[in-house]
Amino acid sequence: QNPKTSAIVKQLVAEGNAGELQKLFGSRMEFGTAGLRAAMGAGISHMNDLTIIQTTQGFCRYLEKNFSDLKKRGVVIGFDARAHFSSGGSSKRFARLAATTFISQGVPVYLFSDITPTPFVPYTVTHLKLCAGIMITASHNPKQDNGYKVYWENGAQIISPHDKGISQGIEENQEPWPQAWDDKLIDSSVLLHDPYAIVNKEYFKDIQKQCFHRNINKETNLKFVHTSVHGVGHKFVQLAFKAFDLSPPFAVPEQKDPDPEFPTVKYPNPEEGKGVLTLSFALAEKDGAKIILANDPDADRLAVAEKQESGEWKVFSGNELGALLGWWIFTCWKNQNRDTCAIKDVYMLSSTVSSKILRAIALKEGFHFEETLTGFKWMGNRAKQLMDQGKAVLFAFEEAIGYMCCPAVLDKDGVSAAVITAEMASFLATRNLSLSQQLKAVYDEYGFHITKASYFICHDPKVIQQLFDNLRNFDGKNTYPKTCGRFKVSGIRDLTTGYDSSQPDQKAILPTSKSSQMITFTFANGGVATMRTSGTEPKIKYYSELCAPPGNSDVEQLKKELDELVNALEKHFFQPEKNNLQRKTE
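Procedures and definitions
Residues numbered from 1 in each chain as written. Predicted model: local features only at pLDDT ≥ 70, side-chain atom pairs only at ≥ 80, totals over all residues. Heavy atoms only, no water. Buried < 20%, exposed > 50% of the residue type's maximum accessible area, 1.4 Å probe, protein only. Helix = DSSP H or I, 4+ residues; strand = E, 2+ residues; numbered from the N terminus. Pairing = 2+ DSSP bridges. Axes fitted to C-alpha atoms, helices over the stretch in contact; angles between N-to-C directions. Parallel < 35°, antiparallel > 145°, perpendicular 65-115°, else oblique. Left-handed = near helix turned anticlockwise from the far one by under 90°. Contact = heavy atoms within 4.5 Å. Nonpolar A, V, L, I, M, F, W, Y, C, P; charged D, E, K, R; others polar.

J.: Looking at this structure, I do not really get the pairing of strand β16 (residues 392–398). What am I missing?
T.: Looking down a regular strand, the side chains alternate between one sheet face and the other. For β16, the buried fraction is high: 6 of the 7 residues fall into the buried class. As defined by bridge partners, strand β14 (residues 346–351) adjoins β16 across 5 bridges and the pair is classed as parallel. Residue pairing across strands places M348 opposite F395, the latter belonging to β16. Note that β16 and strand β17 (residues 402–404) share 3 bridges and pair antiparallel. Among the inter-strand pairings, A396 is bridged to a residue of β17, identified as M404. Hairpin connection between β16 and β17: a loop of 3 residues separates the two successive antiparallel strands, and I401 in this loop has a positive phi of roughly 50°.

Right, dumping it as structure tokens:
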């Protein structure tokens, strides 16, 4: 019933444009553990009013099957500031339609009255003991995209088999229910609640449990610049600084207010490096700020840059900031817990494609480290299991600039990560140390961990399939590569097929998934490289790392060795020319 998408389809029918109609209606968006992520527009392959209604109807029926008290507890729905004028779609509109679906079935809905960071949704699920949460966001994707992200009652993103159960529910509930389109109904409903005020109050109270140096925060002369990259983060990071008694950061004026066009950046993704931070660098130079904190548009990720003594800016990789925050959060914990026995219940987590620096810190300090599959859905669910067993999960991170610094949110959270980084930097400044200097100190103590990650773009699923098939049949059927250029392969783990050469039974311990590609190669020189497909973008990604024991301080030699390994990986395993792959461009 959306007049804009309706008109698009009618126009294509009138033109007899079968090719375009096939694109719009040939296949339905697939609902996976990451929910939905697609461009906004007409047809069942896109995010629009109808596909949101169908998805929510399927999800509602699945929740009814799983929770006898759904009508008592309810769900939370949040949204970012995305909007798509030509199809009439927007995150707010989609959130209201989703709320209408639940309320029409007698289910209470806690619908945020305004834009909110993604981590506020899992926080609300846990805090209000709800059955589920939905966040309408496409995070840092291009401006035409939107997404539908789902959290379970434990406050973590869903994992299998929930995605399959919800998919089945969607298939069985495609006809919109009688009141599906009438979102005006919810405004007068007793089932509609607005959690905005209570969550804003409680969240900032909860993150203060991670504030350990209030006096230093009050006194510090260190200046920070913050950018929310045209997303939702500005107001919430300002409030977080206030909660920690830090002076507010300078906000990049051109980027502080939400704008669905993202006019000042090519991609609204701080992970892409310096291009996104150009305006931040300029403001920092003007105001004499040493540190830049950048959130992605839904404020669940954080990038950090620091001005070096040379005058250059260093943008920390996700692994480097993970090393700093892991060191800092453990140091703060140790200062609070003098009982040496307590350490046996302390855990940190990271994903299998992230740096192993936390493992090195854990080995030396005596706490537990676990790695999970890629993505915070795995770390969030594992953290909850451990917390339910009485363990303390201090920190979890992934190299894609995602950090879980606060047990109140079982997902990555760029708001708490920003303010905790600011407190860490303020503390280090009292010791005349920069973040870069402290990072070197961490590597000196626990061993250098040098990482390099990038990706190739490929829009053809057949080429991707063939590339990975070639790796599995490299020297004849069912044989993996024994070398990569001059580098000898010493171990292989394939989480698509479940093979792991290092296990006695050759079966991988981490869960496997046939629907996504992921192979990890271990090399005789101590290097590790993982190649995997992305669940939300047309990319083949790679992650590489060289770990040296403490005391090996020839960093330049290590970097050179890793560069050579990466070049060999690209040349022999990706074969970009042969496979017509497009390189990442700055």
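J.: Sorry if this is basic, but what is going on with the environment of F262 here?
T.: Inspection of the secondary structure puts F262 in the loop between β10 (250–251) and α11 (278–287). Assessed through its relative accessible area of 5%, F262 is described here as buried. Taking the C-alpha atoms as reference, F262 lies 6.9 Å from K143; in sequence the two are 119 residues apart.

J.: Can you walk me through the packing of helix α3 (residues 49–66) against helix α5 (residues 91–104) in this structure?
T.: Describing two packed helices takes the angle between their axes plus the distance from one axis to the other. Their axes nearest at 9 Å, the elements α3 and α5 cross at an angle of 40°. The pairing of α3 with α5 is recorded here as oblique in orientation. Handedness of the α3/α5 crossing: right-handed. Packed against α3, whose contacting residues are D49, I52, I53, T56, Q57, F59, C60 and L63, the element α5 presents R93, F94, L97, A98, T101 and F102 at the interface. Each residue belonging to the contact of α3 with α5 can be placed in one class, and the counts come to 9 nonpolar, 3 polar and 2 charged.

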